Amino acid sequence: MATAERSVVLPGETIDPSLIPSDPKKALRLGPGLRHIPPTDIVPTVAGQLVTNPVKNSMWIEYNSNRYIPSQNDIVLAQVLRSATDFYLCSLSPHTAPATLPHLAFESATKKTRPILSPGQLVYARVALANRHMDPELECVSASTGKADGLGPITGPGCAFDVSLGFARRLLMARSREDGGVGVLEMLGGEEGGGLAFETAVGRNGKVWVGSESARTVVLVGRALQETDRRGLGIEGQRRLVKKLVKEMR
Amino acid sequence: MPREAEPSLNEKQFVIQALQENLRLDGRELDQYRPLELTFGDQYGVADVTLGNTRILAKATAEVTVPYADRPLDGIFTIATELSPMTSPAFEVNRPTETEVLLSRLLEKTVRRSGALDTESLCLVAGQKCWSVRVDVHALSHDGNLTDAACLAVVAALRHFRKPDTSMEGGRLTVYTPAEREPVPLSWLHSPFCVTWSFFGDEGELAVLDATWLEEQVRVGSCTISLNKHGEICQIAKLGGTPVDAVALLQCTNVALTKVKEFSDLVDQKLAEDLKRRDKGGFMAELRAENDR
């Protein structure tokens, strides 16, 4: 994330024009928390940090909350509620409208080979469609390549943990340690954690699935994530936490 | 009516699998409570209990009323529980759920029916005037084990409560304000506490104390034991669920006794601290003419 400016804004505030990126060739892209009121006003709708990216000519607001609002291309951890005629109804969070996941939106799925999901199962999926007045739609396959790219039903031993939305976003950053200030997963897998073997699937809807053969590892990683989120620990605090937890669980 | 969101299959399976390896999601022992905190309000009779993420507020009040016709020598003592939509969207106002009914019933059985409060001492004029003591229990946050937290809050609130002092002179009843006479504590006989065991596994062979909300959604049965620190059992409620071995239940009762002793010590200690905080130095300090400023 190439960030030039960071400043805190409140809903309805006027944004300083010098902060708005102005690339003559590309159109300005507005992300979450900003609204365009024609003809020329850009107004924040939430309180948070205004982040701009001059390279992509985009701006958005980084904020933490517990209520998930689906938006297109988000990677989420959905829970199957039930199966309908040609789609599954999935829950992204208890407060959002159920999302639909078509039976054929899996890698190389046909009517005969589609995966059968039981109610309550977790699915790692992408939000394909999110409009304000429609139920969101999910997919487990990239529409352009036809590949799953790691999406699909989650199987194997493991457990899902709830975290705040801001923490989930920070975990999903390409350089989460530098930009997001979250190094807890690296530490658990590295020398501080004694090289624990586990895998994770982070959903933007504030759910993290941790999988491992050993239940002890899953509990340890889950606790480390939740504690980091709840106490808002920095890198040094996370290192201390990981050391403490590893010692405790031995 | 909105329904509580169910945990996913992964979570359900993992909770059980971890418990079979003596592991809990928050790293506790199977018979360990979450950190328990008890604070009292500025008013008499307000107790706030926090058990992990579960939070209960209990408030005791008293007013003078007419006693029931069939019990002219007894005062009135009621416990009112309310689970508001603030706790969870599955709870609605004026439509008690099963959880709420069971909770209020358990509190009744534990505190009222065990005779913890001497209701005869609430009588002022036989058949005409008596105190009506009421405890309101509010669940502010629900993360499992409401019963134990609510029971502790009710007992702490009642023991902290002071009712206005009264006197009878020539058939005339006088109720004094706190400024005129120091309010008096209730006549409290013993302190019962609830300890809830949750059972897991096919035959309920795994017994776990202080289940979180996720664990409560997965358990196959539960048993609430109410007793005081002398080991006198007030009630045992095992409402449905998988049958549990009798010997295991005996073992549960023994562990419950040690927990109740801890609760009892905690309430005693917090009450003593609160008394110390309110005590500004006794009678001499009150008579002092010196100004603090």
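Residues numbered from 1 in each chain as written. Chains lettered and ligands numbered in written order. Predicted model: local features only at pLDDT ≥ 70, side-chain atom pairs only at ≥ 80, totals over all residues. Heavy atoms only, no water.

**Observations concerning the overall build of chain A**
Part 1 of the reasoning: When helices and strands are tallied, chain A shows five helices and 15 strands.
Part 2 of the reasoning: In terms of overall dimensions, chain A is globule-like: its C-alpha atoms have a radius of gyration of 20 Å, near the 18 Å expected for 250 residues.
Part 3 of the reasoning: Principal axes of the C-alpha set define a box for chain A whose edges measure 55 × 50 × 30 Å.
Part 4 of the reasoning: Taking all 250 residues of chain A together, 46% fall into the buried category.
Part 5 of the reasoning: As displayed, chain A has an accessible area near 13200 Å², and 51% of this comes from carbon and sulfur atoms. (Helix = DSSP H or I, 4+ residues; strand = E, 2+ residues; numbered from the N terminus. Rg over C-alpha atoms; globule rule 2.2 N^0.38 Å. Buried < 20%, exposed > 50% of the residue type's maximum accessible area, 1.4 Å probe, protein only. Areas by Shrake-Rupley, 256 points an atom, 1.4 Å probe, with all protein chains shown as cover.)

**Examining the interface of chain B and chain A**
Part 1 of the reasoning: Each partner contributes to the interface: chain B provides 16 residues, whereas chain A provides 21 residues.
Part 2 of the reasoning: Across the chain B/chain A interface, buried area totals approximately 1400 Å², and carbon plus sulfur atoms make up 63% of it.
Part 3 of the reasoning: Among the residues chain B hides against chain A, the three largest losses belong to B:Asn10, B:Phe14 and B:Leu23. Together they make up 38% of the total.
Part 4 of the reasoning: Counting the contacts that link chain B with chain A gives zero salt bridges.
Part 5 of the reasoning: Put simply, chain B and chain A have three residue pairs in polar contact (both at pLDDT 80 or more) between them.
Part 6 of the reasoning: Residues belonging to the side of chain B that touches chain A are distributed by class as follows: seven nonpolar, four polar and five charged. (Contact = heavy atoms within 4.5 Å. Buried area = accessible area lost by both parts, 1.4 Å probe. Salt bridge = Lys/Arg side-chain N within 4 Å of Asp/Glu carboxyl O. Polar contact = N/O pair within 3.5 Å; in protein donor to acceptor, adjacent residues only side chain to side chain. Nonpolar A, V, L, I, M, F, W, Y, C, P; charged D, E, K, R; others polar.)

**Quick notes on the sheet that holds strand β13 (residues 221-227) of chain B**
All names here are of chain B.
Part 1 of the reasoning: Read across the sheet, four strands follow the order β12-β11-β13-β14 without closing on themselves; strand pairing throughout is antiparallel. At either margin of the open sheet sits one strand with a lone partner, and together these are β12 (206-209) and β14 (233-237). Direction aside, neighbouring strands of the sheet carry axes that sit 20° apart on average.
Part 2 of the reasoning: Where strand β11 (residues 193-200) meets β12, four bridges bridge the pair, whose relative direction is antiparallel. Counted as the bridge partner of Phe200 is Leu206 from β12. (Pairing = 2+ DSSP bridges. Axes fitted to C-alpha atoms, helices over the stretch in contact; angles between N-to-C directions.)

**Quick notes on the sheet that holds strand β15 (residues 207-211) of chain A**
Part 1 of the reasoning: What the three strands build is an open sheet, ordered β13-β15-β14 (chain A); its pairing is antiparallel. Each end of this open sheet is capped by a strand with a single partner; those strands are β13 (158-162) and β14 (199-203) of chain A. Sheet twist, expressed as the average angle between the axes of neighbouring strands with direction ignored, equals 20°.
Part 2 of the reasoning: Pairing between β14(A) and β15(A): five bridges, direction antiparallel. Considered in β15(A), the bridge of A:Glu199 is made with A:Gly211.
Part 3 of the reasoning: In the packing of helix α1 (residues 9-20) of chain B onto the sheet, the strands contacted are β13 and β15 of chain A, and the crossing angle to β13(A) comes to about 115°.

**What to know about the UniProt feature "domain: Exoribonuclease phosphorolytic" (unreviewed entry) in chain B**
Residues and elements named next belong to chain B.
Part 1 of the reasoning: Residues annotated in UniProt with the feature "domain: Exoribonuclease phosphorolytic" (unreviewed entry) correspond here to residues 32-164 and 191-257.
Part 2 of the reasoning: Along residues 32-164 the backbone is 23% helical and 37% strand, and the end-to-end C-alpha distance reaches 40 Å.
Part 3 of the reasoning: Secondary structure over residues 191-257 splits into 27% helix and 36% strand, and the C-alpha atoms at its two ends are 13 Å apart. (UniProt positions renumbered as here; feature names shortened; annotations may be inferred.)

**Some remarks on the pairing of strand β6 (residues 58-62) of chain A**
Along any regular strand, the residues point their side chains to alternate faces of the sheet.
Residues and elements named next belong to chain A.
Part 1 of the reasoning: Across the five residues that make up β6, a large majority, five, are buried.
Part 2 of the reasoning: Alternating positions in β6 separate into two faces, Ser58, Trp60 and Glu62 on one and Met59 and Ile61 on the other, with burial throughout.
Part 3 of the reasoning: Relative to β6, strand β5 (residues 48-53) runs antiparallel, the two being bridged by five bridges. Bridge pairing in β6 places Gln49 opposite Glu62.

**Things to note about the UniProt feature "domain: Exosome complex exonuclease Rrp40 N-terminal" (unreviewed entry) in chain A**
Part 1 of the reasoning: Residues annotated by UniProt as "domain: Exosome complex exonuclease Rrp40 N-terminal" (unreviewed entry) correspond here to residues 28-67 of chain A.
Part 2 of the reasoning: A helix fraction of 0% and a strand fraction of 52% characterise residues 28-67 of chain A, whose end C-alpha atoms lie 27 Å from each other.

**Re the pattern of salt bridges**
Residue and element names in this part refer to chain B.
Part 1 of the reasoning: With the rule as written, the count across this model stands at 24 salt bridges over all chains.
Part 2 of the reasoning: The partner of Arg277 in a salt bridge is Asp274, with the nearest N and O atoms 2.8 Å apart. Of this pair, Arg277 and Asp274 both sit in helix α5 (residues 246-278), separated by three residues, roughly a single helical turn.
Part 3 of the reasoning: For Asp274, a relative accessible area of 6% gives the class buried.
Part 4 of the reasoning: Taken together, the shared-partner salt bridges connect Asp26, Arg28, Arg34, Asp143 and Asp210 into one network.

**Focus on the side chain of B:Thr54**
Residue and element names in this part refer to chain B.
Part 1 of the reasoning: Residue placement: Thr54 occurs in strand β3 (residues 54-65).
Part 2 of the reasoning: In terms of polar contacts, Thr54 uses its side chain to reach the backbone amide nitrogen of Asp143, at 3.0 Å.
Part 3 of the reasoning: Within the structure, Thr54 has its side chain in polar contact with the backbone oxygen of Gly144 (distance 2.8 Å).
Part 4 of the reasoning: Discounting residues that sit within four places of it in the chain, Thr54 has contacts with Arg34, Val49, Ser141, His142, Asp143, Gly144, Asn145, Leu146 and Ala149.

**Description of the packing of aromatic side chains**
Part 1 of the reasoning: This model, assessed by the stated rule, comprises two aromatic pairs over all chains.
Part 2 of the reasoning: Between B:Tyr33 and B:Phe263, the aromatic rings sit 5.1 Å apart at their centres with planes inclined by 85°, giving edge-to-face as the arrangement. Placement of B:Tyr33 in the loop between α1 and β1 (36-40) and of B:Phe263 in helix α5 is noted, with a sequence separation of 230 residues between them.
Part 3 of the reasoning: The class of B:Tyr33 is buried, set by a relative accessible area of 12%.
Part 4 of the reasoning: Here B:Phe263 falls in the buried class, since its relative accessible area comes to 7%.
Part 5 of the reasoning: Connected via pairs of aromatic rings, a cluster forms that spans B:Tyr33, B:Phe193 and B:Phe263.
Part 6 of the reasoning: Here the basic side chain of A:Arg169 rests over the ring of A:Tyr63, its NZ or CZ set 5.6 Å away from the ring centre. (Phe/Tyr/Trp six-rings, centres within 6.5 Å; stacked < 30°, edge-to-face > 60°. Lys NZ or Arg CZ within 6 Å of the ring centre and 35° of its normal.)

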